[in-house]
Amino acid sequence: MPEANSHDSRQLTAERNLGAILDGAERLLQRGEPASISAVAAEAGVSRPTVYAHFPDLGRLLEALVERTVRRTMAAIDSAEPDSGPAADALRRLLAASWEELGRHEDIARASAADLSADAMRRAHQAARAVIGKLIERGRREGAFRTDVAASWLETSCLA
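Calculation rules
- Residues numbered from 1 in each chain as written.
- Predicted model: local features only at pLDDT ≥ 70, side-chain atom pairs only at ≥ 80, totals over all residues.
- Heavy atoms only, no water.
- Buried < 20%, exposed > 50% of the residue type's maximum accessible area, 1.4 Å probe, protein only.
- Helix = DSSP H or I, 4+ residues; strand = E, 2+ residues; numbered from the N terminus.
- Arc of directions from axis to C-beta.
- Contact = heavy atoms within 4.5 Å.
- Axes fitted to C-alpha atoms, helices over the stretch in contact; angles between N-to-C directions.
- Parallel < 35°, antiparallel > 145°, perpendicular 65-115°, else oblique.
- Left-handed = near helix turned anticlockwise from the far one by under 90°.
- Nonpolar A, V, L, I, M, F, W, Y, C, P; charged D, E, K, R; others polar.
- Salt bridge = Lys/Arg side-chain N within 4 Å of Asp/Glu carboxyl O.

Asks: How should I be thinking about helix 6 (residues 106–115) in this particular structure?
Replies: Residues spaced three or four apart along an α-helix face the same direction, because each turn holds 3.6 residues. Restricting attention to buried positions, one finds in helix 6 the residues Asp107, Ile108, Ala111 and Ser112. All buried residues of helix 6 project into a common sector of 125 degrees when viewed along the axis, lining one side. Set apart from the buried face of helix 6 by more than 90 degrees, the exposed residues are Arg110, Ala113 and Ala114.

Asks: Would you mind showing me how to read the side chain of Ser112 here?
Replies: On the secondary structure map, Ser112 appears in helix 6. Overall, Ser112 belongs to the buried group, its relative accessible area being 2%. Contacts of Ser112, omitting those with residues within four sequence positions, involve Val66 and Met121.

Asks: Would you mind going over the packing of helix 8 (residues 126–142) against helix 9 (residues 151–159) with me for this structure?
Replies: Each pair of packed helices can be described by the angle between their axes along with the distance between the axes. For the pair helix 8 and helix 9, the least separation of the axes is 9 Å and the interaxial angle reads 120 degrees. Between helix 8 and helix 9, the interaxial angle falls into the category oblique. The way helix 8 lies across helix 9 gives a crossing that is right-handed. Facing Ala128, Arg129, Ile132, Gly133, Ile136, Glu137 and Arg140 of helix 8, the residues of helix 9 in contact are Ala151, Ser152, Leu154, Glu155, Thr156, Cys158 and Leu159. For the contact of helix 8 with helix 9, the per-class residue count stands at seven nonpolar, three polar and four charged.

Asks: Would you mind showing me how to read the pattern of salt bridges here?
Replies: Where charged atoms from two side chains of opposite charge come close, those side chains can pair. Within this structure, the stated rule accounts for 17 salt bridges. Measuring nitrogen to oxygen at the nearest pair gives 2.7 Å for the salt bridge that ties Glu43 to Arg31. Placement of Glu43 in helix 2 (residues 37–44) and of Arg31 in the loop between helix 1 (2–30) and helix 2 is noted, with a sequence separation of 12 residues between them. Measuring nitrogen to oxygen at the nearest pair gives 3.2 Å for the salt bridge that ties Glu155 to Arg129.

Structure, rendered in structure tokens:
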């Protein structure tokens, strides 16, 4: 029984540290300060080895920060009810909700655009791509969206 409690305690500490690291990185970027592992550790109130235990490098940390921002944006997208009403109206609502949320995180967008690869950005935005892709397919069936270009191009256009 003590082992289970010890494991639970370590898990809670790891989750708390992960949140503190991501929050610290976000605060640095919001202030326009360069994010480095050392700076993030200091801002988060954890050691550098703790940051490295969660992220092997700054790129993976930034990718996780983008993924968290996308999750927050997905909540805004869900509130826009992309499955309701005509696809064109749903897309307008989706874009308005997502861009409003993303506007709060311009600092993260700048850092990730400068420091992350296209593959990392694609991975981080996969959930958003799935929702947009589903909406585009529905809009194509309704005759509201173009069919003469690839659906992936339309997805990318929405994200851009």
